[in-house]
Structures are given as structure tokens and as C-alpha cells.
Amino acid sequence: MNIKKGDTVKVIAGKDKGAQGKVISVLREEDRVIVEGVNLVKRHTKSVQQTNTTGGIITREAPIHVSNVMLVEGDGVTRIGFRRDEVTKRRPDGSTYSASRSVRVSRKTGKEI
């Protein structure tokens, strides 16, 4: 999945099309994300005496499918690509070795995200 927690995304489909928000959490097994202020649903809760919770109507964000959001970069949206970069790592004994790590890059500008 290309979207991570903390990314700013724009909704491109659904009832909240055009809305922007920050990703609160990612549900990898379901291919869904929870975006701040998007896909708000009302949940009716019952008052529970044992846990001292009050009842009422709670409004909170529901998950939205990851295909319905795009990453925001600058003033527009972009697709996400990956690039392997060579890095030098250090072992506990002090010796170094060369390895590669994967970084997310913008398909529009080529910059690292």
C-alpha cells in the first residue's frame, strides 16, 4: 500500500470528493484508510453503567477505500513510485557495508516523499 499514516490525501471519489485530510490510520488487511474529517458517520451509543460511559450520538470517521484517495504534493495530487537508493550501513562492531533501501518518490516531480 502506498499511503501511510500522516500523509495528506485528497478524496477523488465518493460523497466527500474533493475533500483533503490527514491519514489517521491505515487498515492494510482491508485496503482502507481513515482520513481526518472525511466519511463522517453517526454512531448511536448506549449508556453503560459499569464503565461509566454516557450514551448519545457520536460522529466519527469511517474507513474509506485506498483507491478513492490520492497523495497531495504541493498544490496538486500525485501518484507514488518507488526507487532503490544505495546507502552505507554500520554494523555493531564498527565496520560498514553497502545496502539498498526503498524510498517513495512522486511520479509527477521525481522528488522523494
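Being a predicted model, the structure only gives us computed values, none of them experimental. (Residues numbered from 1 in each chain as written. Predicted model: local features only at pLDDT ≥ 70, side-chain atom pairs only at ≥ 80, totals over all residues. Heavy atoms only, no water.)

**Let's talk about the side chain of Ser106**
- Checked against the element boundaries, Ser106 lands in strand β10 (residues 96-106).
- Side-chain polar atoms of Ser106 contact the side chain of Thr78, separated by 3.0 Å.
- When near neighbours in sequence (up to four residues on either side) are disregarded, Ser106 contacts Glu73, Thr78, Arg79, Lys111 and Ile113. (Helix = DSSP H or I, 4+ residues; strand = E, 2+ residues; numbered from the N terminus. Polar contact = N/O pair within 3.5 Å; in protein donor to acceptor, adjacent residues only side chain to side chain. Contact = heavy atoms within 4.5 Å.)

**Regarding the confidence of the model for the protein**
- Looking at the protein as a whole, its pLDDT mean stands at 94, while 100% of the residues score no less than 70.
- Across the protein, the element-wise mean pLDDT spans from 94 in strand β5 (residues 56-61) up to 98 in strand β3 (residues 32-35). (pLDDT = per-residue confidence, 0-100.)

**Some words on the pattern of salt bridges**
- Counted under the stated rule, the structure contains three salt bridges.
- The partner of Arg104 in a salt bridge is Asp7, and the shortest N-O contact between them spans 3.0 Å. Taken together, the residues Arg104 in strand β10 and Asp7 in the segment before β1 (8-11) connect sequence positions 97 residues apart.
- Residue classification places Arg104 among the buried positions, given a relative accessible area of 9%. (Salt bridge = Lys/Arg side-chain N within 4 Å of Asp/Glu carboxyl O. Buried < 20%, exposed > 50% of the residue type's maximum accessible area, 1.4 Å probe, protein only.)

**Some remarks on the sheet that holds strand β7 (residues 69-73)**
- Strand order in the open sheet made by the six strands is β6-β3-β2-β1-β7-β8, with antiparallel pairing throughout. Each edge of the open sheet carries a strand with a single partner, namely β6 (64-65) and β8 (76-78).
- In this structure, β3 lies alongside β6, joined through two bridges in antiparallel fashion. Each bridged residue has a counterpart across the sheet, and for Val33 the counterpart in β6 is Ile64. (Pairing = 2+ DSSP bridges.)

**A look at the nonpolar core**
- Formed by Ile3, Val9, Val11, Val23, Val33, Val35, Val38, Ile64, Val66, Val69, Leu71 and Ile80, the largest nonpolar core amounts to 12 residues.
- Secondary-structure elements contributing two or more residues to this core are β1, β3 and β7.
- Aside from chain neighbours lying at most four places away, what touches Ile3 is Val9, Val23, Val26, Val33, Val66, Val69, Leu71, Ile80 and Arg104. (Core = buried A, V, L, I, M, F, W, Y, C linked by side-chain atoms within 4.5 Å.)

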